[in-house]
Amino acid sequence: MNQNIEKALNAQIGFELYSAYLYMAMTSYLKSINLNGFAHWMEIQTKEELAHALKLFNYVTERGGSVVFETLKKPRNKWESPTEVFKDALEHEQIVTSKIHEIVDLALKEKDHTTNAHMQWYLNEQVEEESNVLGIYQQLKFADNSPQALLMFDRELAQRVFVDPNAATAAGQNKIN
Ligand code: OFO
């Protein structure tokens, strides 16, 4: 595997794991203020990030590359309100999107068409990631910390269901094997 690509993908695996770390810290804050529906939503977000890291991990190893883990940065662990949590989550997702764009740029520069193709999944996923967080953040801003609105959101966010993006691949592989 091209060394520059391997390095960039390793950094991205670390960043996806950091995303999980950050969202788990947010889950803990939301649980601490008893907004358990919000906490549930963020716990699923954490699982999604772990799945994003695993999908890249599998890709690097399947291409004969090596995964090297680095120290994860300590995430923030206190917020003023759920609105501030989602503001931070949105800013975080925008950074993730820019990192994915950089990997696609690198793959094109290195003429690594396979990595380019693999990263298209992440580009599409980022549209959904940003849109989910932006939608909740904007509604929270309208609600302006109204207790009734927060409790209503809490019930709604409790409905989120985790869909493992690696499950389809695993099922496909099982069939072939
Ligand atoms: Fe992995 O997409 Fe969010 O961070």
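To be clear, the structure that these remarks concern was listed above.
Residues numbered from 1 in each chain as written. Predicted model: local features only at pLDDT ≥ 70, side-chain atom pairs only at ≥ 80, totals over all residues. Heavy atoms only, no water.

1. A word on the side chain of Ser 19
Here's step 1: Take Ser 19: it is sitting in helix α1 (residues 3-32).
Here's step 2: The exposure class of Ser 19 is buried, given its relative accessible area of 0%.
Here's step 3: In this structure Ser 19 touches Glu 49, His 92 and Val 96, once residues within four positions along its chain are discounted. (Helix = DSSP H or I, 4+ residues; strand = E, 2+ residues; numbered from the N terminus. Buried < 20%, exposed > 50% of the residue type's maximum accessible area, 1.4 Å probe, protein only. Contact = heavy atoms within 4.5 Å.)

2. Some remarks on the environment of Trp 41
Here's step 1: Relative to the elements of secondary structure, Trp 41 occurs in helix α2 (residues 36-62).
Here's step 2: On a C-alpha basis, the gap between Trp 41 and Val 161 in space is 8.3 Å, while along the polypeptide they are 120 residues apart.
Here's step 3: Setting aside chain neighbours within four positions, we find Trp 41 in contact with Phe 86, Asn 132, Val 133, Ile 136, Leu 157 and Arg 160.

3. Observations concerning the pattern of salt bridges
Here's step 1: Scanning the model with the defined rule gives five salt bridges in all.
Here's step 2: Its salt-bridge partner being Glu 48, residue Arg 160 comes within 3.5 Å of it at the nearest N-O pair. Of the two residues, Arg 160 is situated in the loop between α5 (147-157) and α6 (167-176) and Glu 48 in helix α2; the sequence distance between them amounts to 112 residues.
Here's step 3: By relative accessible area, which is 15% here, Arg 160 ends up buried.
Here's step 4: With a shortest N-O distance of 2.9 Å, Arg 76 and Asp 88 are connected by a salt bridge. With Arg 76 in the loop between α2 and α3 (82-109) and Asp 88 in helix α3, this pair connects stretches of sequence that are 12 residues apart.
Here's step 5: Judged by its relative accessible area of 34%, Arg 76 is partly exposed.
Here's step 6: For Asp 88, a relative accessible area of 19% gives the class buried.
Here's step 7: One network of salt bridges, with partners in common, ties together Arg 76, Glu 84 and Asp 88. (Salt bridge = Lys/Arg side-chain N within 4 Å of Asp/Glu carboxyl O.)

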